[in-house]
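Each chain, written out:
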Amino acid sequence: MRLDSVLRCEGLAIERGGRTLATGLTLDLAPGARGLVLGANGSGKSTLAAGLCGLLPLRAARLERPARIGYAPQEPDFPGARRCREYLRELAALGGAGRSAAAQADAALRLFALEEMSRHRISELSRGWRQRLNLARAWLGRPALVILDEPQTALDPDGFAALGRALILADQAVLLVAPPGAGCEALAPPILRLGQETATR
Amino acid sequence: MSLSLLLPWLRAFAGRRAWIALPVGALLAALLALDPVLGPEDGLGSYLAYAALFPAVLLLRFGALLDARRRDGLELEEALRDPAGRRAPLAAVLAPAAALAAGLALCAIPPTFANLPPGIAETARHPVRISAAGEGEFRADAGGGLPRGSTLLLAFEWERPPQEGEQPALFATDGREVALVPGTLARWPASANEARRGVLEWGINSDARAAGVTLLRSMARIEVGRPRRGDLPRLLARQFLFFWPLFPLVLLLVRRGRSGGLLAACAALALGGLAAADPRDPPDLPSSPAGWIGRAVLELKDLLPDVRGLAAAGRGFELRSGTTSTAALAAWLGLGVVLALAAFGRRRPR
């Protein structure tokens, strides 16, 4: 067991609606590392991602995670009437950015090539651009760990390239969850297959 | 507190048309309330009643925005970025306070342009209930505190004029005395204590009783100073103090009680309505389930600080305006602070 893990879980169980989907899982992610959790539909990937972020209760023998986690949910909600940059600024301020909120918002927009959309209302964005905003939102404020739930969804080749670039440039640990064959294997090495054996990276 | 957190709230309060609707609404309210023919004397009270619509609408808008923020995923982002639950609730407390203050300040402007006729009476007179408190002793109960400087006006019937050497008068146990003169109204100024309690007690001395003086109870009136147009900023500031604690209540119900925002706003308005209610003649409630509910509501009202003076509006508002004691005001605002603090803390999204 490494001492420098940013995310470490042992004896992890995934439960949804009173049903246990998986038990005895182990996850270990070092700072700056990439990892991919693979699983078919209904295997509990999204439940695991939300649980690791602290948004759902999670049962584990041992669970260590950073205080701040960036999260891009599979089905993101947005305030449609708000403009992208202004929205990210608010989120940065919510995270305690203070005077650097605008700089953080700009950095996140730049990371996913969203600058041209920065003054657009979110309701005006296509699904692909919204997914980029979802990813930018997760990276906002440079959290120690970023968890992306099916990040490839709705991305065009440019968007997918931007995601790949962000994964190369970012120095945070990134955990992706996706179904097999969705293309995410090219972005990060699989460290866990739900319903199969557990692995550690 | 970062402006980036407050601005989205303020923009959302304003909406796309609210900052046009509010001045236009305030102008219409001023035209309607302060019409020189329709209501030159009750105009200010009417205008305050119209102005009170703004905080009520803002409260509902606040509830709707809390609902919208949950739908828009901001609740989830708050759980991720502000796990201690400090910055988001602070913004949700400060932003409506700022919007309320700005809106009410705007409401203070239109009446200054109203063209009121000269000669509006500087005082207003209101009927008051008088009861006998003993032989030749009486008690006037205004059903709540009275403004400072209030005076009780009493009319008497005389069997005969006072004889030489007789000095008919009203007296109080604290030594105050007011001479009675046939054919004139007796003016009994309320002491500070009497004004605070809204209860005035006095007796008729033996010389007056010898002259066969009879109090005409139905003609008794409380005379209070009529606030002027220049008092409007102060009156609107009282409305701010009255409405502000209702916003933290909505926030608490939504964050801790898991209530819908609009429902929480309606509950807060109901509580505000209860605090502002002025039942001068408490009804004789029957002993039935409806009566029990009525009694429970009245008992709940008794638990609340008496802040009727902050919310006074409409016809005859001057009778209650400014009667809220410092203790009641501190209790009401303290309640708001406690509710706001209770709304802070970690929150798990639904």
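Right above here is the structure, for reference.
Remember, predicted model here, so these are calculated numbers, not experimental data.

How each quantity is defined
Residues numbered from 1 in each chain as written. Chains lettered and ligands numbered in written order. Predicted model: local features only at pLDDT ≥ 70, side-chain atom pairs only at ≥ 80, totals over all residues. Heavy atoms only, no water. Pairing = 2+ DSSP bridges. Helix = DSSP H or I, 4+ residues; strand = E, 2+ residues; numbered from the N terminus. Axes fitted to C-alpha atoms, helices over the stretch in contact; angles between N-to-C directions. Contact = heavy atoms within 4.5 Å. Core = buried A, V, L, I, M, F, W, Y, C linked by side-chain atoms within 4.5 Å. Buried < 20%, exposed > 50% of the residue type's maximum accessible area, 1.4 Å probe, protein only. Phe/Tyr/Trp six-rings, centres within 6.5 Å; stacked < 30°, edge-to-face > 60°. Expected span 1.5 Å × (residues − 1). Arc of directions from axis to C-beta. Polar contact = N/O pair within 3.5 Å; in protein donor to acceptor, adjacent residues only side chain to side chain. 1 Å grid on protein atoms, 1.4 Å probe; cavity = no way out; pocket = protein on both sides within 12 Å on 5 of 7 lines; lining within 4 Å. Points joined across faces, edges and corners; volume = space filled by probe spheres on them. Nonpolar A, V, L, I, M, F, W, Y, C, P; charged D, E, K, R; others polar.

Caption draft 1: Spotlight on the sheet that holds strand β7 (residues 173-178) of chain A. Residue and element names in this part refer to chain A. In spatial order, the strands read β5-β6-β7-β3-β8; together these five strands make up an open sheet with parallel pairing. Strands with a single pairing partner mark the edges of an open sheet, and in this sheet they are β5 (69-72) and β8 (190-193). Between one strand axis and the next, the sheet turns through 15° on average, direction left out of account. As judged from the three bridges shared by strand β3 (residues 34-38) and β8, these two strands associate in the parallel manner. Residue V37 lies in a different strand from β8, and its bridge partner there is L192. Strands in contact with helix α5 (residues 157-169) are β3, β6 (145-149) and β7; relative to β3, the strand with the most contacts, it is inclined by about 130°.

Caption draft 2: Fine view of the nonpolar core. With 105 residues, the main nonpolar core has F112, W139 and L148 of chain A as its most contacted residues. The leading source of residues in this core is helix α6 (residues 87-107) of chain B, at ten residues.

Caption draft 3: Looking closely at unusual backbone geometry. The backbone of R142 of chain A shows a phi angle near 50°, a positive value even though the residue is not glycine. Residue class for R142 of chain A comes out exposed when judged on its relative accessible area of 57%. Backbone geometry places R258 of chain B, a non-glycine residue, at a positive phi of 60°. In this fold, R258 of chain B is placed in the loop between α10 (246-255) and α11 (261-276). Residue class for R258 of chain B comes out partly exposed when judged on its relative accessible area of 37%.

Caption draft 4: Layout of the packing of aromatic side chains. Applying the stated criterion across every chain yields a total of nine aromatic pairs over all chains. Between F78 of chain A and Y87 of chain A the ring centres are 6.1 Å apart and the planes differ by 80°, which places this aromatic pair in the edge-to-face class. Given a relative accessible area of 7%, F78 of chain A falls into the buried group. Ring centres of W9 of chain B and F62 of chain B lie 5.5 Å apart, and the angle between their planes is 40°; this geometry places the pair in the tilted category. With W9 of chain B in helix α1 (residues 3-14) and F62 of chain B in helix α4 (residues 53-71), this residue pair connects regions lying 53 residues apart in the sequence.

Caption draft 5: Quick peek at helix α2 (residues 18-33) of chain B. All names here are of chain B. Taking 1.5 Å of rise per residue, 16 residues should cover 22 Å, and α2 covers 21 Å from first to last C-alpha, within 8% of that figure. Among all positions of α2, only L22, A26, A29, A30 and A33 are buried. Buried residues of α2, viewed axially, fall in a sector of 100°; they line one side. With respect to the buried face of α2, the exposed residues turned more than 90 degrees away are I20, L28 and L31. Turning to α2, the residues buried within the fold contact α3 (43-51), α4 and α6.

Caption draft 6: How the structure looks around the environment of R34 of chain A. Residues and elements named next belong to chain A. Tracing the sequence through the fold places R34 in strand β3. The spatial distance from the C-alpha of R34 to the C-alpha of L12 is 20 Å, given a sequence separation of 22 residues. At 2.9 Å, the side chain of R34 forms a polar contact with the backbone oxygen of G32. There is a polar contact of 2.6 Å between the side chain of R34 and the backbone oxygen of A170.

Caption draft 7: Molecular detail of the pairing of strand β2 (residues 129-134) of chain B. Residue and element names in this part refer to chain B. Judged from the five bridges that link them, β2 and strand β3 (residues 137-141) form a sheet pairing that is antiparallel. When the sheet's bridge partners are listed, G134 is paired in β3 with E137. Hairpin connection from β2 to β3: two residues lie between these consecutive antiparallel strands, with G136 at a positive phi of about 70°.

Caption draft 8: Focus on empty space enclosed by the protein. Residue and element names in this part refer to chain B. Considering all chains together, one arrives at two cavities of 30 Å³ or more under this definition. Of the voids in this model, the second largest cavity is the one considered here, and its volume is about 30 Å³. Forming the boundary of the second largest cavity are L48, L235, R238, Q239, G309, L310, A312 and S321. When residues of the lining of the second largest cavity are traced back to their parent elements, those giving at least two are α9 (232-243) and α13 (308-311). Of all the elements, α9 adds the most residues to the lining of the second largest cavity, at three residues. Class assignment for the residues of the lining of the second largest cavity results in four nonpolar, three polar and one charged.

Caption draft 9: Representation of the pairing of strand β4 (residues 151-154) of chain B. Residues and elements named next belong to chain B. Along β4, one buried face is formed by T151 and L153 and the opposite face, lined by L152 and L154, is buried too. As paired elements, β4 and strand β8 (residues 186-189) share four bridges and run antiparallel to each other. Counterpart to L153 in the pairing with β8 is R187. Pairing geometry for β4 and strand β11 (residues 221-225), over three bridges, is antiparallel.

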